[in-house]
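# Working through the structure, step by step
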Amino acid sequence: MLRIAIQNKGRLGEESLGLLGRIGIEIDTTKRKYLAKASNLPIEMLNLRDDDIPQVVADNVAQLGIVGLNEVEEKGYDVTVVTRLCFGHCRLSLAIPKNEEYNGLKYFRGKRIATSYPNILNRFFKEKGIEIRTVVIAGSVEITPSAGMADAIFDIVSSGGTLVSNGLKEVETVLESEAVLIAYPTLTDENKRLLEEIKFRIESDSISRNKKYLLMNIPNDSLEKAIEILPSMRSPTIIPLAADGWSSIHSVVNSSELWDKVRQLKAIGAEGILVLSVDKIIL
Ligand code: PRT
Ligand code: ZN
């Protein structure tokens with residue numbers, strides 16, 4: 001049996017469940033029990049607070065976990081980071097009151113910095129050889145400068161809106177974070193095989209999420225140009241149409257390039273362009 005620990009609610013809960021569903025781990029999620037078995041694989045899902053996930057994986061209570069890299073780095077337990085998961089993006093940054101002049105890291109010498117991430121903060125300033133004073137606080141870090149509890153903060157930033165609304169400005173990024181898959185370092189052979197399968201499925205899922213499937217009709221005179229615009233996994237599929245002088249062309253493109261490709265294809269006479277989401281790509 002392989003147990004995967006995920007956040008029970010919070011910012012990563014839904015995305016973690018969604019990922020497990022998309023890679024074919026069938027778990028009845030309607031009840032949200034703290035421990036739930038998959039119906040189709042020897043896998044169990046353990047729902048926890050995110051803070052506890054690195055430890056349960058380090059202790060082999062769960063063999064895998066999905067948690068923010070920020071938590072993994074802060075807790076410092078012996079776990080293997082298997083792969084980044086492309087959701088839960090954020091950064092751990094230093095911020096100061098917006099009217100202060102910032103002159104580089106030496107600004108922080110002797111300053112009181114409030115944070116819920118004291119280990120990452122102290123490691124960072126130790127490496128830089130700068131002495132600071134750490135104020136450890138569990139939540140509402142952003143209010144500490146205006147409350148007179150600290151001179152600066154070290155906290156998670158995503159859009160930056162929380163900093164702005166508390167009169168702060170971000171001056172240094174220390175860690176770029178996102179959700180990661182972590183593992184107990186010495187798995188049994190059976191669990192190593194399961195982990196390999198899970199990694200393979202996650203990779204297929206992340207490739208397909210960034211792709212679109214395109215179908216269109218194109219005049220045969222423009223086929224060569226269309227092939228140049230649409231380099232596919234090998235090459236686009238071309239099927240002659242019953243109407244004389246026309247073909248149907250099928251291809252897979254990166255979502256980020258979609259609108260640019262569509263514009264170029266329309267310019268060479270493409271008609272009836274269909275854009276479909278891709279469920280899975282197995283390379
Ligand atoms: O109850 P539990 O302990 O499980 O949850 P939690 O409240 O500790 O964590 P949660 O659900 O807030 O976050 C879980 C993980 O999501 C974090 O460890 C990060 O890896 C990731 N994440 C991504 C974030 C954010 N984005 C984020 N914006 N975690 C927190 N925030 C906070 C941030 O601290 C700030 O105060 O959201 C606020 C708004 O951010 P802005 O910059 O968008 O305004
Ligand atoms: Zn937490």
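Look above for the structure.
The following refers to the structure shown. As the structure is a prediction and not an experimental result, all values here were calculated from the model.

### Some details on the pattern of salt bridges
Evaluation of the coordinates by the stated rule reveals 14 salt bridges. Here Glu170 makes a salt bridge to Arg91, at a shortest N to O gap of 2.7 Å. Remark: Arg91 occurs in strand β6 (residues 90-97) and Glu170 occurs in strand β10 (residues 168-177); sequence separation between them is 79 residues. The residue Arg112 makes a salt bridge to Asp151 at a minimum N-O spacing of 3.1 Å. Taken together, the residues span a long stretch of sequence, with Arg112 in strand β7 (residues 112-115) and Asp151 in the loop between β8 (133-136) and β9 (152-157) at a distance of 39 residues. For Arg112, a relative accessible area of 23% translates into the label partly exposed.

### Section: helix α4 (residues 118-128)
Within the span of α4, buried status applies to Pro118, Ile120, Leu121, Phe124 and Phe125. Packed against the buried residues of α4 are α3 (69-75), β6, β7, β8, β9 and β10. Taken from the residues just after α4, Gly129 is the one with a positive phi, measuring 70°.

### A short note on the sheet that holds β8
One open sheet accounts for 5 strands, arranged β8-β7-β9-β6-β10; its pairing is mixed. The open sheet has two free edges, formed respectively by β8 and β10, since each of these has just one partner strand. On average, each strand axis in the sheet is inclined to that of its neighbour by 25°, with strand direction left out of account. Relative to β9, β7 is paired through 3 bridges, and the arrangement is parallel. What sits directly across from Ile113, in β9, is Ala152.

### Some remarks on the sheet that holds strand β2 (residues 35-37)
Reading across the sheet, the 6 strands line up as β2-β3-β1-β4-β11-β5 and stay open at both edges, with mixed pairing between neighbours. Looking at strand neighbours, the two that pair on one side only are β2 and β5 (80-84), the edges of this open sheet. On average, each strand axis in the sheet is inclined to that of its neighbour by 25°, with strand direction left out of account. Where helix α1 (residues 10-22) meets the sheet, it contacts β1 (2-7), β3 (43-48), β4 (64-68) and β11 (179-183), and its direction lies at approximately 140° from that of β1.

### Let's talk about the coordination of the zinc ion (ligand 2)
The protein atoms donating to the zinc ion (ligand 2) are Asp50 (OD) and Asp51 (OD), with metal-donor distances spanning 1.9 to 2.1 Å. In this structure, the zinc ion (ligand 2) is surrounded by 4 donor atoms whose angles at the metal cover 73 to 177°, and the resulting shape is irregular. Residue Asp50 is classed as buried on the basis of its relative accessible area of 18%. Looking at Asp51, the relative accessible area reads 27%, which means it is partly exposed.

Conventions we followed
- Just so you know, the residues in each chain are numbered from 1, in the order the chain's sequence is written.
- Labels follow written order: the first chain is A, the first ligand is 1, and so on.
- Owing to the predicted nature of the model, reporting of local features is limited to residues with pLDDT of at least 70; listing and counting of side-chain atom pairs is limited to 80 or more, with chain, interface and lining totals taken over all residues.
- Excluding hydrogens and water, the side-chain values take into account all heavy atoms of the structure.
- By salt bridge we mean one thing: a side-chain nitrogen of Lys or Arg within 4 Å of a carboxyl oxygen of Asp or Glu.
- Strands are runs of DSSP state E lasting at least 2 residues, helices are runs of H or I lasting at least 4, and numbering of each runs from the N terminus.
- Residue burial is assigned from relative accessible area. The probe radius is 1.4 Å, only protein chains are included, and a residue is buried under 20% of its type maximum, exposed over 50%, and partly exposed in between.
- When checking whether two residues touch, look at their non-hydrogen atoms; a contact exists if any pair is within 4.5 Å.
- Note on pairing: two strands pair once DSSP finds at least 2 bridges between them.
- A fitted line through C-alpha atoms serves as each axis, taken over the contacting stretch for helices, and the angle formed by two N-to-C directions is quoted from 0 to 180°.
- Listed donors are limited to N, O and S atoms within 2.8 Å of the metal, widened to 3.2 Å for Na, K and Ca; water is not among them, so incomplete-looking sites are possible.
- The rule is simple: four donors are tetrahedral if all their angles sit between 85 and 135 degrees, four are square planar and six octahedral if opposite donors span more than 155 degrees and the others lie between 65 and 115, and anything that fits none of that is irregular.

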